[in-house]
Amino acid sequence: MRSISVSGIRAVFVSALVLTVAVGGAALASPRASAAPELDRYLNLPMVNRDADHGPGGVNPALPTDPAVLRGLLDEARERGVAPTSYQALLLQYRLADTTAAAGIDLKSWNPRAGVTANRGNLAKSYQFYKNLQLDHRELQWAGMGGLVGADFGGGLLDFELATNVYAFTRLAPVANAIVTETNRAFGPAIIDRLPTGLRALARVGATITPADLQYVQGSILVMQKNIFSDLMPMHRAYVTGGLPALREMYDAGLFPADIMRAWEQVATKTPDGIAAGNARLLKREQGDIVSKQWDAVRAYRGDIGEAMTYASTLAGSPSVAGVLPLRSYKPLQLTGTTPDRRVVTVTVPLPSWNWSVFDQRWDYITDQLLPKYRYQVENRWSDLRRELVIPADAQMEQHRPIWNLLPMMQSALDTLKAEVR
């Protein structure tokens, strides 16, 4: 038998070792090699469903909705040094999926146009999540106010959903007609044009509003509700889980502008003025940047019908923040005119002279009523505010179903108008 030298054995051993390392290295590299093409599928995706009116689920239907899967893809993008703007949609999808999971909402099936019954749980869970953020973080005043006021509006949606409530809605038309008629009798036709356009629209078409009209409006409001959640709640979740660095990544990805990053920096100071300024900017983003055009579209829906329905929502709205006037009592309708016997009469009736769906009018109410009075509650009446915040959102929605009060409100306005002009 041929002998093998020591040097030969060494050479064979070294060769085997090199082969083992090479094979092992290839095996170790293969997950990353396979991960890269997987990640590449999700880079530079357009956020085609950032407006939830385009469909259910997250910001792009091609993206996963499992937070763990999304987190893995996101970590891979960071490790590869991918520019945040290239993983913009992936980042927002992860933050949104993480937030909905924390709130107990199934992102994949969340479809606002499915109606109130299908989304009642999502509404309650959303507003509960808002309220819990405020309870755990005193500086997150937008969340607390959004939880309280949102649940109030959610109660209104419960009413609008039922087709049988068309009956209650159509009963408003004769009263609105009577108010217009009485105004004409007392002051003459010249003053009719000074009545709110929504009131005049309600007098004209209130009796013709259909279940389909109610379904359109309720669906539009549910879309707005999801759009607000999907934009601002991922920021809040990033703030409480990752602080300002997590928000800066979202800013670097182009998910919000510099003034919103500055707003979060103000919130993070945890000083009264910084908190107030930062939360005010977040609220303006919600009402101005996110839903303003959608409210305009609802108000323009089928001419007088959209105008009438948005005015009715203003008539019914009553935010449960201590000290805040109901919407109908803020800038109530005032009529000044001359009676046939030449007496000058000014009549104030409990009807809003404005419409919540108009941004400038809505923002005026928010800055005059909601923002300062909610801030006062947080800073000076926390125990009272906390009692409101701990009420389960679903129960609060039930407590604030307004449809049964709409007719008495309108009748009261008519009675007041008659009494003042005698």
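Residues numbered from 1 in each chain as written. Predicted model: local features only at pLDDT ≥ 70, side-chain atom pairs only at ≥ 80, totals over all residues. Heavy atoms only, no water.

Student: Give me the lowdown on the overall build of the chain, citing residues and values where you can.
Tutor: Across its full length, the chain carries 17 helices and 2 strands. Out of the 422 residues in the chain, the part that is buried amounts to 52%. As displayed, the chain has an accessible area near 18,600 Å², and 56% of this comes from carbon and sulfur atoms. (Helix = DSSP H or I, 4+ residues; strand = E, 2+ residues; numbered from the N terminus. Buried < 20%, exposed > 50% of the residue type's maximum accessible area, 1.4 Å probe, protein only. Areas by Shrake-Rupley, 256 points an atom, 1.4 Å probe, with all protein chains shown as cover.)

Student: So, the pattern of salt bridges: which residues are in play, and what are the values?
Tutor: Pairing between side chains becomes possible if they bear opposite charge and their charged atoms approach one another. Applying the stated criterion across every chain, the model contains 24 salt bridges. Here E139 and K270 are joined by a salt bridge, their closest N and O atoms 3.9 Å apart. Highlighted residues: E139 in the loop between α4 (116-136) and α5 (141-161) and K270 in the loop between α10 (258-268) and α11 (272-290), separated in sequence by 131 residues. Members of the salt-bridge network, linked through shared partners, are R50, D231 and R285. (Salt bridge = Lys/Arg side-chain N within 4 Å of Asp/Glu carboxyl O.)

Student: Which residues make up unusual backbone geometry, and what are the values?
Tutor: Although it is not a glycine, N44 sits at a positive phi angle of roughly 60°. Note on placement: N44 falls in the loop between α1 (6-40) and α2 (67-79). You will see that R302, though not glycine, has its phi angle at about 50°, which is positive. Tracing the chain through its elements places R302 in the loop between α12 (292-299) and α13 (304-316).

Student: An account of the packing of α11 against α12 is needed here, citing residue identities and associated values.
Tutor: Two packed helices can be described by the angle between their axes and the distance between those axes. One can describe the packing of α11 onto α12 by two numbers: an axis separation of 4 Å at closest approach and a directional angle of 45°. The pairing of α11 with α12 is recorded here as oblique in orientation. From α11, Q287, G288 and I290 reach across to α12, where they touch S292, Q294 and W295. Grouping the amino acids of the contact of α11 with α12 by side-chain chemistry returns 2 nonpolar, 4 polar and no charged. (Axes fitted to C-alpha atoms, helices over the stretch in contact; angles between N-to-C directions. Parallel < 35°, antiparallel > 145°, perpendicular 65-115°, else oblique. Contact = heavy atoms within 4.5 Å. Nonpolar A, V, L, I, M, F, W, Y, C, P; charged D, E, K, R; others polar.)

Student: Explain the packing of aromatic side chains to me, and be specific about the residues and the numbers.
Tutor: Inspection of every chain in the model, using the stated rule, returns 14 aromatic pairs. Judged by centre distance (6.4 Å) and plane angle (25°), the rings of Y251 and F256 are stacked. Y251 sits in the partly exposed class, given a relative accessible area of 33%. For F256, a relative accessible area of 4% corresponds to the buried category. Here W354 and W356 contribute two aromatic rings whose centre-to-centre distance is 6.4 Å and whose plane-to-plane angle is 55°, an arrangement assigned as tilted. Taken as a pair, W354 and W356 share a single burial class, namely buried. What links up through ring pairs into an aromatic cluster is the set W110, Y127, F129, Y130, W142 and F229. Over the ring of W382 we find R138; its NZ or CZ atom is 4.1 Å from the centre of that ring. (Phe/Tyr/Trp six-rings, centres within 6.5 Å; stacked < 30°, edge-to-face > 60°. Lys NZ or Arg CZ within 6 Å of the ring centre and 35° of its normal.)

Student: Residue-level account of the environment of D40, with values.
Tutor: Mapped onto the elements of the fold, D40 is located in helix α1. Sequence-wise, D40 and Y87 are 47 residues apart; in three dimensions their C-alpha atoms are separated by 9.5 Å. A polar atom in the side chain of D40 sits 3.1 Å from the side chain of R80. (Polar contact = N/O pair within 3.5 Å; in protein donor to acceptor, adjacent residues only side chain to side chain.)

Student: Hey, could you go over α11 for me, with residue numbers and the actual values?
Tutor: Given a rise of 1.5 Å per residue, 19 residues ought to cover 27 Å, and the 26 Å separating the end C-alpha atoms of α11 matches this to within 8%. Burial in α11 covers these residues: G274, I275, A276, G278, N279, L282, L283, R285, E286, Q287 and I290. (Expected span 1.5 Å × (residues − 1).)

Student: Would you mind going over the side chain of R285 in detail, with residue names and values included?
Tutor: One can find R285 in helix α11. Judged by relative accessible area, which is 7%, R285 ranks as buried. Each residue touching R285, except ones within four places of it in the same chain, is listed here: R50, D231, M235, L255, F256, P257, I260 and I290.

Student: Residues and numbers for helix α9 (residues 211-252), please.
Tutor: The periodicity of an α-helix, 3.6 residues per turn, causes residues three or four positions apart to be oriented the same way. In this model α9 runs just 45 Å from its N-terminal to its C-terminal C-alpha over 42 residues, more than 12% under the 62 Å that 1.5 Å per residue would give. Within α9, the axis deviates most sharply at G242, by approximately 135°, and proline P245 lies no more than four positions further along. Downstream of α9 by one or two residues, G254 has phi in the positive range, about 85°. (Bend = angle between axes of the 7 residues up to and from the residue.)

Student: Account for the environment of I191, naming residues and giving values.
Tutor: Along the chain, the position of I191 falls in the loop between α7 (172-187) and α8 (197-205). I191 sits 144 residues away from L335 along the chain, and the two C-alpha atoms are 8.0 Å apart. Among residues more than four places away in sequence, those in contact with I191 are T183, L335, T336 and G337.

Student: I'd like a description of the packing of α12 against α13, backed by residues and values.
Tutor: Remark: α12 packs on α13, axes separated minimally by 7 Å, with the N-to-C direction vectors making an angle of 120°. As summarised for this structure, α12 and α13 are arranged oblique, according to the angle between their axes. Judged by residue contacts, W295, V298 and R299 of α12 engage G306, E307 and T310 from α13. For the contact of α12 with α13, the residue count by class is 2 nonpolar, 2 polar and 2 charged.

Student: Please give an account of the nonpolar core that cites residues and values.
Tutor: Counting residues in hydrophobic clusters, the biggest one holds 127 residues, and the most contacted among them are L247, W264, L351 and M410. Sort the elements by how many residues they give to this core and α9 lands first, with 16 residues. Those residues in contact with L351 that sit more than four places away from it in its chain are I179, L199, Y311, L315, R328, K331, P332, L333, M410 and A413. (Core = buried A, V, L, I, M, F, W, Y, C linked by side-chain atoms within 4.5 Å.)

Student: Mind laying out the environment of P352, listing which residues take part and the relevant values?
Tutor: With respect to the helices and strands, P352 occurs in strand β2 (residues 344-352). On the accessibility criterion, P352 (0% relative accessible area) is buried. As for P352 and K331, which are separated by 21 residues in sequence, their C-alpha atoms are 6.3 Å apart. Discounting chain neighbours no more than four positions away, the residues touching P352 are P196, Y311, T314, L315, L327, R328, K331 and L333.

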